[in-house]
Amino acid sequence: MTPHPCYETDDLAGFAAWFRQVTPYINAFRGKTFVLAFGGKAIAGPLAKTLAYDVNLLASLGIRLILVHGARPQIEEELREKGLESHFHGSYRITDAAALDCVLDAIGSVYLEIEGMLSQGMPNTPMAGSKIRVVGGNFITARPLGVLDGVDLHYSGVVRKVDSEGLKAQLSLGNIVMLSCHGSSPTGEIFNLQMEEVAEAVAIALEADKLAYLTDCQGVLDENGALLQELTADAAQNLLEAKWLTNDLKRSLPSAVRASRSGVGRVHIIGYDQDGALLRELFTREGIGTVISRESLEHLRDARADDIGALVALIEPLEADGTLVHRPREVLEWEIEQFSLVEHDGLVAGCAALYDYGGNDAELACLVVHPAHRRCGYGERLVGRIEAKAKAAGIRRLFVLTARAVHWFIERGFSLEKTESLPEQKRRMYNLQRNSKVLVKRL
């Protein structure tokens, strides 16, 4: 086959490898419910069209999508055109009757713009041949905020109820549901709502698998400006008063914490100004933004028979380059109970094995961490788990054979010893050609 003129042969090989890597995510996400929330700045920005492409891709993979959009800059523009000023109390807009007209005009304009982008089908674009159906409706019942601290917020409101059954019915038909930042009361009044709170309420009502906020920041940053890739809900709560949070984060982070604590599987905060950020966050191990979960994404556990495929994928590259001795797959099946795993967000990120040679000796073997997680401390956590299991079994001496990680083990309490210090059974198996170093740690 002749390569496509836009690709070099090496690029095609890399594309194939990448496509295989995302397969577990495609399988895991099919049929799941995602709520995607983005403000009017994302729609007014230069990457709005590619965001539409990415939404189309998610829909084509069988993901059930609800989009929640805001319109803050568009509302400001409407107010300026009519000679009106913006007034806020805390994070809420004071929405009197005149401001409400501007809100509804801006929301309607943004809704139609997004609908138009999702209706594209031009040849030679990612949406060629797509048949996306976008539906809206009165799925959000609102109530007024009323008077806060003596200030009447007029037509600013909060979510009172979400029609979860109606939303589920539309999703079951394969439709994308798009919701705006407004809602109606049972008396027929319309209220201006915060986009972040609408997305939060919908995600909680549907018990969504993921809620993603596209914000003006790459993710949640620490005080030094470094990205915090993972946070528990409790850790995120501690950052709510941080002075360095951007305006978008001040609104989205509290909603993210509440959603996570209320049963939403994962909450992602990513930047809308990075092309493909949504796909990179969802379909790569390392991600690109911040993921917030109720509990830590990291999970250490014993391996099971159904983990063999994941173990093979993890250790094969190191067997191929000679770092690890090849293990026949039938041997791996027999020895699966000797392995411990670390999972990251449901995917196997590392492994290690413990082999008991009787008496006081045991071997730490096959310590592997996926390249995307080698700076996460998973290697140390796996070694700690193996040491704990060895101690519980009465082992007093743990040894490891390595040709390439000698200093790493020395830094963690192991010391170099001669081959003669190995148990007799292991000495008979020692491969002189590999010339692996023997390191020992007394427990």
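A brief report on the enclosed structure follows. Every chain begins its residue count from 1, and numbering advances along the sequence as written. Two thresholds apply to this predicted model, a pLDDT of at least 70 for residue-level local features and 80 or more for giving and counting side-chain atom pairs, whereas whole-chain, interface and lining totals are computed over all residues. Computation of side-chain values: all heavy atoms of the structure, hydrogens and water removed.

### Focus on the overall build of the protein chain
In plain terms, the rule: Put simply, DSSP marks the helices as runs of H or I at least four residues long and the strands as runs of E at least two long, and each gets a number from the N terminus on. Note on classification: 1.4 Å probe, protein chains only; a residue is buried when its accessible area is under 20% of the maximum for its type, exposed when over 50%, partly exposed between these limits. Contacts are assigned to residue pairs that have any heavy atoms within 4.5 Å of one another.
Along its length, the protein chain carries 15 helices and 23 strands. Along the longest, intermediate and shortest principal axes, the C-alpha atoms of the protein chain span 85 × 60 × 40 Å. Taken over 443 residues, the protein chain has a buried fraction of 45%. Put simply, of all contacts in the protein chain between residues at least 6 apart along the chain, 70% involve residues at least 24 apart.

### Points about the pattern of salt bridges
Opposite charge on two side chains lets them pair, provided their charged atoms get close. Stated formally: Salt bridges are identified by distance alone: a Lys or Arg side-chain nitrogen within 4 Å of an Asp or Glu carboxyl oxygen.
Applying the stated criterion across every chain yields a total of 25 salt bridges. Of the charged contacts in the structure, one is a salt bridge between lysine 82 and aspartate 105, with a shortest N-O distance of 3.3 Å. Of this pair, lysine 82 sits in the loop between helix 4 (72–81) and strand 3 (88–89) while aspartate 105 sits in helix 5 (residues 97–117); the two residues are 23 residues apart in sequence, bridging distant segments of the chain. Residue aspartate 105 is classed as partly exposed on the basis of its relative accessible area, which comes to 39%. The shortest N-O distance in the salt bridge between arginine 442 and glutamate 417 comes to 2.8 Å. Residue arginine 442 is found in strand 23 (residues 437–442), and its partner glutamate 417 is found in strand 22 (residues 415–417); the two are separated by 25 residues along the sequence. A relative accessible area of 24% means that glutamate 417 is categorised as partly exposed.

### Overview of the pairing of strand 21 (residues 397–402)
Note the following rule: Note: two strands are recorded as paired if DSSP finds a minimum of 2 bridges between them. Orient the strands so they point away from the viewer, and a crossover whose first-strand-to-second-strand path over the helix runs clockwise is right-handed.
With respect to burial, strand 21 is a largely interior element, 5 of its 6 residues being buried. Both strand 20 (residues 361–369) and strand 21 contribute to a ladder of 3 bridges, which runs parallel. Looking at strand 21, one finds that glutamate 363 is bridged to phenylalanine 399. In the classification by handedness, the crossover that spans strand 20, the intervening helix 13 (residues 378–392) and the parallel strand 21 is right-handed.

### Section: the sheet that holds strand 22
Going by this rule: To get an axis, fit a line to the C-alpha atoms, keeping to the stretch in contact for a helix; angles then go from 0 to 180 degrees between the N-to-C directions.
Taken together, 7 strands build an open sheet; the order of strands is 17-18-19-20-21-23-22 and the sheet is mixed. Two strands in the sheet have a free side with no partner beyond their single neighbour: strand 17 (298–302) and strand 22. In this sheet, adjacent strand axes meet at a mean angle of 30° when their direction is disregarded. Across 6 bridges, the pairing between strand 19 (residues 347–356) and strand 20 is antiparallel. Each residue of the ladder has a partner; that of alanine 353, found in strand 20, is alanine 365. Taken strand by strand, helix 11 (residues 308–320) contacts strand 18 (339–344), strand 19 and strand 20, and its axis lies near 80° from that of strand 19.

### As for the side chain of threonine 215
The residue threonine 215 is located in strand 13 (residues 210–215) in this model. With sequence-adjacent residues up to four places away left out, threonine 215 is seen in contact with Asp248, Leu249, Ser252, Ile269, Ile270, Gly271 and Tyr272.

### Overview of unusual backbone geometry
Its identity as a non-glycine residue notwithstanding, glutamate 207 has a phi of 50°, on the positive side. By secondary structure assignment, the location of glutamate 207 is in the loop between helix 7 (195–206) and strand 13. We classify glutamate 207 as exposed; its relative accessible area is 64%. Its identity as a non-glycine residue notwithstanding, aspartate 345 has a phi of 55°, on the positive side. Among the structural elements, aspartate 345 can be located in the loop between strand 18 and strand 19. With a relative accessible area of 30%, aspartate 345 lands in the partly exposed category.

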